[in-house]
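Next come the chains, spelled out residue by residue.
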Amino acid sequence: MAKGPSLVWSRRDFRLADNPALAEAAAGGTPVVVVFIHEPAAAWADGAAATWWLRRSLAAFRRQIEGIGGTLVERQGEPMAVLLELARETGADTVLWNERYAPVPRAADERTAEALSAAGLRVRCCAGNLMFAPEAVRTPTGQPYQLFGAFWKACLNRAEPALPLAAPTRLEALPQPPADDPPPAIPDPPEATGWAAAWPQAESGEAAAIARLQAFVDGPLSRYGITRDLPDQAGTSMLSPYLAFGEVSPRQIWNSARLASALGGDAFLRELGWREFCWHTLAHFPDLPDQPLKRPFADFPWLPDDGRFAAWTVGRTGYPIVDAGMRALAATGWMHNRVRMIVASFLVKDLLIPWQQGEAWFWDRLVDADLACNAGNWQWVAGCGLDAAPYFRIFNPVLQAEKFDARGRFVRQWLPELARLPDMFIHRPATAPPEVLARAGVRLGETYPYPLVEHGMARRRAMVAYEQMRGSERFPLAARQG
């Protein structure tokens, strides 16, 4: 049993409840110092939207920690050096954290643990941010699962995830808490005004996450299997930013949805399983964010960019559902999942622009940016990841819009310049007769662009490109060794 203070190194786990590292430290009965370290920038450092969300989430977490008598300190620098210095300042003899699963941070944590142990500190790494450990869910031959269906079946055949841990009600504080370092001077981008309107300050932190979870379980969850694909309805949980920053844990979500026993529960839990699959994939395949897991896709014949990517980013492609999705992203830092699939398919398969460019744009602009899910979803759309969409599955953006936004409400919300078009032309303004366009005040090429490409032609072009790339029927994978 530890006798000195404990340091709890917090990363993306800004919650009191179901926080194993914090719970263990609180149970020790000695002072607890929670530390957040602003680490030096590295590959896939937080983008602009995630950085904005992190500052608010961290501030809310500080208020929670202080509200139960504890201390949260912010420092800058290399974690190993910061933790060693804080241990000297506070007399701490134990350092705890919740495990990270991305290979680079995980390897850094292992080196940090070795250095702290060598300095005489007790180190505890806890499992708190996934429902199942990547090492524990493997095929009968010991390999990582490569098909989601088989993976999820294996997860469901295991024991249920452990019940969430209760939040500590009291933390012991040091008589003289350590001082904060000045936080990094990162100004908010212009888009932050829109993000703040979409996600008010009162909707940040653990309390907001739990309230949103409860509201979803009490309402939309029962219709989730029907409404989750309709972007004009509040049919999804919108928990993704809170989950990305650990303001709520996957076990808490699982437990609440299971208890609800609602009609949409299984479909919703399957989405939670997809997040789990993406993180297990990243743990086993470190190249997931950067390289296609199906190696022949490295030679895919992408087209040179002639401004099409910029048009996609600002919602000026001439396909209303794509443009509405991209403008919603710009305004709110969030996009409906069905629309994410449509805009991603359009970029990769209609415009033949590398999926990594779309991945990087989403990473910078999503408040719910999640390394494993963002990479896994883009590779799924491109057809080059595990259990990916077949290369020949190319979404028709018009048909997708007519199916999932039949009355055009979502498009009208984000493209006011098209709002007066009748339903039959709202998703295909380029086909509307001149008199219909005139009555709606739409001037193609001026108030709204002509389509960047004709989808039928683009689909045929993509199919030719995919056939050229396919060197064989098998796509070898490069798994993590060891």
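## Some thoughts on the environment of Ala-107
Within the secondary structure, Ala-107 is located in helix α4 (residues 103–118). Ala-107 gets classed as partly exposed once you look at its relative accessible area, which sits at 24%. For the pair formed by Ala-107 and Ala-211, sequence separation is 104 residues and the distance between their alpha carbons is 35 Å.

## Describing the layout of surface pockets
For the second largest pocket, the calculated volume is near 1300 Å³. As for the second largest pocket, its lining consists of 39 residues, of which Tyr-224, Glu-271, Trp-274, Asn-337 and Asn-377 are closest to the centre. Within the residue set of the lining of the second largest pocket, elements represented by two or more residues are α9 (240–244), α11 (265–284), α14 (337–350) and α16 (371–382). Considering each element in turn, the lining of the second largest pocket owes the most residues, seven residues, to α11. Of the residues in the lining of the second largest pocket, the class split is 22 nonpolar, six polar and 11 charged.

## Quick word on empty space enclosed by the protein
Scanning the model with the defined rule gives three cavities of 30 Å³ or more in all. A volume near 60 Å³ is recorded for the largest cavity. In this structure, the largest cavity is lined by Trp-274, Phe-277, Cys-278, Thr-281, Leu-288, Gly-376, Gln-379, Gly-385 and Leu-386. Elements that contribute at least two residues to the lining of the largest cavity include exactly α11 and α16. Element by element, the count of residues in the lining of the largest cavity is highest for α11, at four residues. Grouping the constituent residues of the lining of the largest cavity by class yields five nonpolar, four polar and no charged. Estimated volume of the second largest cavity: approximately 40 Å³. Forming the walls of the second largest cavity are Val-137, Pro-144, Tyr-145, Phe-151, Phe-277, His-280, Thr-281, His-284, Phe-285 and Leu-386. Examining the composition of the lining of the second largest cavity, we find that four residues originate from one element, α11, more than from any other.

## Things to note about the confidence of the model for the protein
Overall, the prediction assigns the protein a mean pLDDT of 93, with 96% of residues at 70 or greater. Contacts for the low-pLDDT stretch residues 472–482, under 50 throughout, to residues beyond four places or in other chains number 24 contacts.

The rules we used
- Residues numbered from 1 in each chain as written.
- Predicted model: local features only at pLDDT ≥ 70, side-chain atom pairs only at ≥ 80, totals over all residues.
- Heavy atoms only, no water.
- Helix = DSSP H or I, 4+ residues; strand = E, 2+ residues; numbered from the N terminus.
- Buried < 20%, exposed > 50% of the residue type's maximum accessible area, 1.4 Å probe, protein only.
- 1 Å grid on protein atoms, 1.4 Å probe; cavity = no way out; pocket = protein on both sides within 12 Å on 5 of 7 lines; lining within 4 Å.
- Points joined across faces, edges and corners; volume = space filled by probe spheres on them.
- Nonpolar A, V, L, I, M, F, W, Y, C, P; charged D, E, K, R; others polar.
- pLDDT = per-residue confidence, 0-100.
- Contact = heavy atoms within 4.5 Å.

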